[in-house]
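Read off the chains here:
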Amino acid sequence: MRTSSEFKTLSIIFLTYGERFSCVEKLMATLEPYPDEFLEVIAIDNNSTQDISGWLTKKFSFVKAFRNKENIGTARAYNIGIRLSKGRYIMLVNDDCYLKGRVAEEAVDFLELHPEFAGLGLSLLNPDGTRQLIKLQILSLWPSRVGKPQRITFVGTNNFLCRREVFKKVGLFDENYFFFNEDLDWSWRAWKAGVKIYYRPELTIYHGRDFLENSFSLERFLVRQIADLYFYKKNLPYFFKFIKVFYKTSLKNKLKKIDRIELYPKLKRLLNVERPNIQNNIYDIQKTLINGEVKQLLSKMDL
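Below or above, wherever it landed, is the structure these notes cover. All of these numbers come straight from a predicted model, not from anything done at the bench. (Residues numbered from 1 in each chain as written. Predicted model: local features only at pLDDT ≥ 70, side-chain atom pairs only at ≥ 80, totals over all residues. Heavy atoms only, no water.)

1. Remarks on the nonpolar core
To keep things clear, this is the line we draw: Side-chain atoms within 4.5 Å link the members of a nonpolar core, which is a set of buried Ala, Val, Leu, Ile, Met, Phe, Trp, Tyr and Cys residues. Three labels apply to residues, based on accessible area from a 1.4 Å probe with only protein chains included: buried if under 20% of the type maximum, exposed if over 50%, partly exposed otherwise in between. In this description a helix means any DSSP run of H or I spanning at least four residues, a strand means any run of E spanning at least two, and both kinds are numbered starting from the N terminus. When checking whether two residues touch, look at their non-hydrogen atoms; a contact exists if any pair is within 4.5 Å.
Leu10, Met28, Leu56, Met91, Leu99 and Leu267 are the most contacted members of the largest nonpolar core, which totals 104 residues. Ranked by the residues each element gives to this core, the list is headed by helix 7 (residues 218–235), at 10 residues. If we skip the residues at most four places from it in the chain, Leu10 touches Phe38, Leu39, Glu40, Gly87, Tyr89, Ile90, Met91, Ala104, Val108 and Leu161.

In structure tokens, the structure reads:
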């Protein structure tokens, strides 16, 4: 049986929450064959209902599993994993991802041979093997050409591998984000810091369809809008006012479609992220929306 040792070549970090046991089981089946001296696995459990971290600890002695008492969101959870890691390289994946073959070793080998690049983006495949459309550039007027090797400026938290020192240069994820855009914000800072990242489409990770996209939710819609506006206010303030007007119009149209237009006068104030009562509470607002309902949030805030 594999045992844990202090120093590794690669640390793979993933988050889990809710009822994702079958996803984690599939991911672990693809990670277990890697040599002990090469890989450590760090799982951050955001209070899963199935105690996935407990199962991981019992079944896999080489896994570091950290369980939070509540769902603390993605940015703070990934930061815990990065701080716990020991590898010279760090790889972030989602719990509904899985690897085939030796893709992790191949990705590390590429960076070993190309010191000019600090990180590497991998392509995502659907379970049936078809290629997923993913974002590769922070700002682009054209769709990403996901089948072409290229320099990229955006990396997600489900298909990214980098040298450990990159996080020392760029910093960790901004913990004001509860959900959405923590990767966009980090990518922007990495690009501003001159970090070079390459994308190799032949290095693939299988990724299940995100359950958050299966149906419309007003709460998740607001979480994404708030995350976007916070990103623009922080990093591209000259675009912020225009984006805010567009998002308020979009919110109004969504509320009309679901026959909840009466909420608009208060909800539009949530998009004023430049105001201290919103800007200083981005994390808590998103957290309440993800874990509760709009009415619960409105009852807690003076809007």
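2. With respect to the pairing of strand 2 (residues 39–45)
So the rule is basically this: Two strands form a pair only when DSSP identifies at least two bridges running between them. A clockwise path from the first strand over the helix to the second, with the strands pointing away from the viewer, defines a right-handed crossover.
Within strand 2, 7 of the 7 residues are buried, leaving the element largely enclosed by the surrounding structure. Judged by which residues are buried, strand 2 turns out to be covered on both faces: Leu39, Val41, Ala43 and Asp45 on one side and Glu40, Ile42 and Ile44 on the other are all buried. Examined bridge by bridge, strand 1 (residues 10–16) and strand 2 share 7 bridges and lie parallel to one another. Counterpart to Thr16 in the pairing with strand 2 is Asp45. In this fold, strand 1 hands off to helix 1 (residues 21–31), which returns the chain to strand 2; that crossover is right-handed. The pairing of strand 2 with strand 3 (residues 63–67) spans 5 bridges and is classified as parallel. In the strand pairing of strand 3, Ile44 is matched with Phe66.

3. Digging into helix 3 (residues 74–84)
Counting buried positions along helix 3 yields 8 of 11 residues, so the element is predominantly enclosed. Among all positions in helix 3, only Thr74, Ala75, Ala77, Tyr78, Asn79, Ile80, Gly81 and Ile82 are buried. Those residues of helix 3 that are buried lie in contact with strand 1, strand 2, strand 3, strand 4 (89–94), helix 5 (164–170) and helix 6 (182–192).

4. Quick word on the packing of helix 1 against helix 2 (residues 52–59)
Our working rule: Each axis is a line fitted through C-alpha atoms, taken for helices only over the stretch in contact, and angles between the N-to-C directions span 0 to 180 degrees. Angle categories: roughly parallel below 35 degrees, roughly antiparallel above 145, roughly perpendicular from 65 to 115, and oblique for all the rest. Take the far helix as your reference; a near helix turned counterclockwise from it by less than a right angle gives a left-handed crossing, and one turned clockwise gives a right-handed crossing.
Running from N to C, helix 1 and helix 2 point in directions that differ by 30°, and their axes come no closer than 11 Å. One way to sum up the angle between helix 1 and helix 2 is to call them roughly parallel. Relative to helix 2, helix 1 is oriented so that their crossing is right-handed. Facing Phe21, Val24, Glu25 and Met28 of helix 1, the residues of helix 2 in contact are Ile52, Trp55 and Leu56.

5. Observations concerning a positive patch on the surface
Just so we agree on the cut-off: Distance thresholds for patches are 9 Å for like charges and 5 Å for nonpolar side chains (Val, Leu, Ile, Met, Phe, Trp, Tyr), applied to residues having over 30% relative accessible area and no salt bridge. To be clear on the numbers: accessible area is Shrake-Rupley with a 1.4 Å probe, and residue cover counts the displayed protein chains and nothing else. By definition here, a salt bridge exists when the distance from a side-chain nitrogen of Lys or Arg to a carboxyl oxygen of Asp or Glu is within 4 Å. None of His or the chain ends enter the tally, which takes Lys and Arg as positive and Asp and Glu as negative. For the purpose of locating charges, the reference atoms are NZ of Lys, CZ of Arg, CG of Asp and CD of Glu.
Together, Lys252, Lys256, Lys266, Lys268, Arg269 and Arg275 give the surface a local cluster of positive charge. Of all the secondary structure elements, the ones that give two or more residues to the positive patch are helix 8 (237–257) and helix 9 (264–270). When residues of the positive patch are assigned to their parent elements, the largest contribution, 3 residues, is made by helix 9. Note on placement: Lys266 falls in helix 9.

6. Focus: the environment of Val24
As for its placement among the helices and strands, Val24 is situated in helix 1. Classification of Val24 as buried rests on a relative accessible area of 0%. The spacing of Val24 and Leu56 is 32 residues in sequence and 9.0 Å in space, taken between C-alpha atoms. Not counting chain neighbours up to four residues away, the residues in contact with Val24 comprise Phe14, Thr16, Ile52, Trp55, Leu56 and Asp95.

7. Things to note about the pairing of strand 6 (residues 119–125)
Across the 7 residues of strand 6, 7 count as buried, placing the element largely inside the fold. When strand 6 meets strand 8 (residues 160–163), the two strands line up antiparallel, connected through 3 bridges. Considered in strand 8, the bridge of Gly121 is made with Phe160.

8. Let's talk about helix 7
Short version of the rule: How far a helix is expected to stretch is found by multiplying one less than its residue total by 1.5 Å.
The end-to-end C-alpha distance of helix 7, which contains 18 residues, comes to 26 Å, matching closely the 26 Å that a straight helix rising 1.5 Å per residue would cover. A large share of helix 7 lies buried, amounting to 14 of its 18 residues.

9. Focus: the pattern of salt bridges
Inspection of the entire model under this criterion finds 15 salt bridges. Note that Arg83 is salt-bridged to Glu175, the shortest N-O span being 3.8 Å. Of this pair, Arg83 sits in helix 3 while Glu175 sits in the loop between helix 5 and helix 6, placing them 92 residues apart in sequence. Residue class for Arg83 comes out exposed when judged on its relative accessible area of 56%. A salt bridge links Arg88 to Glu112; the nearest nitrogen and oxygen atoms lie 3.4 Å apart. Note that Arg88 is positioned in the loop between helix 3 and strand 4 and Glu112 in helix 4 (residues 103–113), a separation of 24 residues in sequence. The partly exposed category is assigned to Arg88, whose relative accessible area is 44%. Residue classification places Glu112 among the partly exposed positions, given a relative accessible area of 44%. Overlapping salt bridges bring together Asp174, Asp185, Arg189 and Lys234 as one network.

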